[in-house]
Amino acid sequence: WTRIDLSVRQTDQALICLLRRLSRTFTTQNVRTLCLHGSSGLTDVGLECIAKACPNLTHVEVRNAKQVTNAGVQTLLLKCNALSHLQLSGKKPPDV
């Protein structure tokens, strides 16, 4: 597996279950691309799970990420050193 496309509302729960099952039979370290659509249930916990399980990600797209904070994004960036494309949508930018 080098790519995961997932469209589910309970994103954290689905990711944790999927990555746990994949790690039993495959290495999730080979995953390079992750696309999450309709991911209103994604939180910083889910991003941390992604970062730990898939440290070699190069491309991440997350749509409808209303519960993700800067801390979650920072964790992803710190643990996924090869990340060259990050697209987050659905999050209102903070007031400056």
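As shown above, the structure is provided for reference.
Summary of the structure given here. (Residues numbered from 1 in each chain as written. Predicted model: local features only at pLDDT ≥ 70, side-chain atom pairs only at ≥ 80, totals over all residues. Heavy atoms only, no water.)

Next up on the list: the overall build of the chain. Each helix and strand in the chain was counted, giving three helices and four strands. In the chain, the succession of α and β elements from N to C terminus is β-α-β-α-β-α-β. Overall, the C-alpha framework of the chain stretches about 45 × 25 × 15 Å when taken along its three principal axes. Expressed as a percentage of its 96 residues, the buried residues of the chain come to 36%. Excluding contacts between residues fewer than 6 apart, the proportion of contacts in the chain whose partners are at least 24 apart in sequence is 80%. (Helix = DSSP H or I, 4+ residues; strand = E, 2+ residues; numbered from the N terminus. Buried < 20%, exposed > 50% of the residue type's maximum accessible area, 1.4 Å probe, protein only. Contact = heavy atoms within 4.5 Å.)

Of the two faces of strand β1 (residues 3–7), the one lined by Ile4 and Leu6 is fully buried and the one lined by Arg3, Asp5 and Ser7 carries no buried residue. The handedness of the β1 to strand β2 (residues 33–37) crossover, carried by helix α1 (residues 11–25), is right-handed. (Right-handed = clockwise from strand over helix to strand, strands pointing away.)

Here the focus is the environment of isoleucine 4. Relative to the helices and strands, isoleucine 4 is located in strand β1. According to the relative accessible area criterion, isoleucine 4 is buried, its value standing at 3%. Taking the C-alpha atoms as reference, isoleucine 4 lies 6.2 Å from cysteine 35; in sequence the two are 31 residues apart. In contact with isoleucine 4, not counting residues within four places along its chain, are Leu18, Leu19, Leu22, Val31, Thr33, Leu34 and Cys35.

Moving on: unusual backbone geometry. The phi dihedral of asparagine 64 falls on the positive side, at around 70°, and the residue is not glycine. Note that asparagine 64 resides in the loop between β3 (59–62) and α3 (70–79). Under the relative-accessibility criterion, asparagine 64 is labelled partly exposed at 26%.

To continue, consider a nonpolar patch on the surface. On the surface, a nonpolar cluster with roughly 220 Å² of combined accessible area is contributed by Leu77, Leu86 and Leu88. Within the secondary structure layout, leucine 77 lies in helix α3. We classify leucine 77 as partly exposed; its relative accessible area is 44%. (Patch = residues over 30% accessible without salt bridge, like charges linked within 9 Å, V, L, I, M, F, W, Y side chains within 5 Å. Areas by Shrake-Rupley, 256 points an atom, 1.4 Å probe, with all protein chains shown as cover. Salt bridge = Lys/Arg side-chain N within 4 Å of Asp/Glu carboxyl O.)

Moving on, we get to the sheet that holds β3. Reading across from one edge, β1-β2-β3-β4 is the order of the four strands in this open sheet, with parallel pairing throughout. Taken across any chain shown, the strands that pair with only one partner, and hence form the sheet edges, are β1 and β4 (85–88). Strand-to-strand twist of the sheet, defined as the mean angle between neighbouring strand axes without regard to direction, takes the value 5°. Inspection of the sheet shows β1 paired to β2 by five bridges, in the parallel sense. Paired with arginine 3 across the two strands is threonine 33, which belongs to β2. Across the sheet, α1 lies against β1 and β2, angled at about 150° from β1, the strand it touches most. (Pairing = 2+ DSSP bridges. Axes fitted to C-alpha atoms, helices over the stretch in contact; angles between N-to-C directions.)

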